[in-house]
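Overview (structure and organization)
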Amino acid sequence: MFALLNCGKSTANVMFRINPESFKGDNDNKVRYVVGWFFPRDTERRISIKQEDIAQIMDYLQHAYNTTNGLMQTKDASMKNMEN
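Presented here is an overview of the structure given in this document. (Residues numbered from 1 in each chain as written. Predicted model: local features only at pLDDT ≥ 70, side-chain atom pairs only at ≥ 80, totals over all residues. Heavy atoms only, no water.)

Before going further, it helps to examine the pairing of strand β4 (residues 44–48). In this structure, strand β2 (residues 12–17) lies alongside β4, joined through 5 bridges in antiparallel fashion. When the sheet's bridge partners are listed, V14 is paired in β4 with I47. Relative to β4, strand β3 (residues 31–34) runs antiparallel, the two sharing 4 bridges. Residue pairing across strands places V34 opposite E44, the latter belonging to β4. (Pairing = 2+ DSSP bridges. Helix = DSSP H or I, 4+ residues; strand = E, 2+ residues; numbered from the N terminus.)

Here it is in structure tokens:
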């Protein structure tokens, strides 16, 4: 899991995983820092979904996907090393 959608009657938000060392969106005042609810501490961010922000959100989701994919590959490699 790399992202979640939270939808209400009049709002929608994306919660997504980041790598704090490579995430470039912390200077974006639309991105909210979260201590960690769905993802480990310091690796979760949120942004409201608005039409004018879709392109930026897609970039953030690409970062979230790549981060999660990298973590899964590292975990898989660790598990294989433990089996050998």
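All right, on to the sheet that holds β2 then. Strand order across the open sheet formed by 4 strands is β1-β2-β4-β3, with antiparallel pairing between neighbours. What marks the edges here is a single partner per strand, and that holds for β1 (3–7) and β3. On average, adjacent strands in this sheet sit at an angle of 25° to one another, irrespective of strand direction. Alignment of β1 against β2, held across 5 bridges, turns out to be antiparallel. Residue pairing in the sheet places L4 in a bridge with M15 of β2. (Axes fitted to C-alpha atoms, helices over the stretch in contact; angles between N-to-C directions.)

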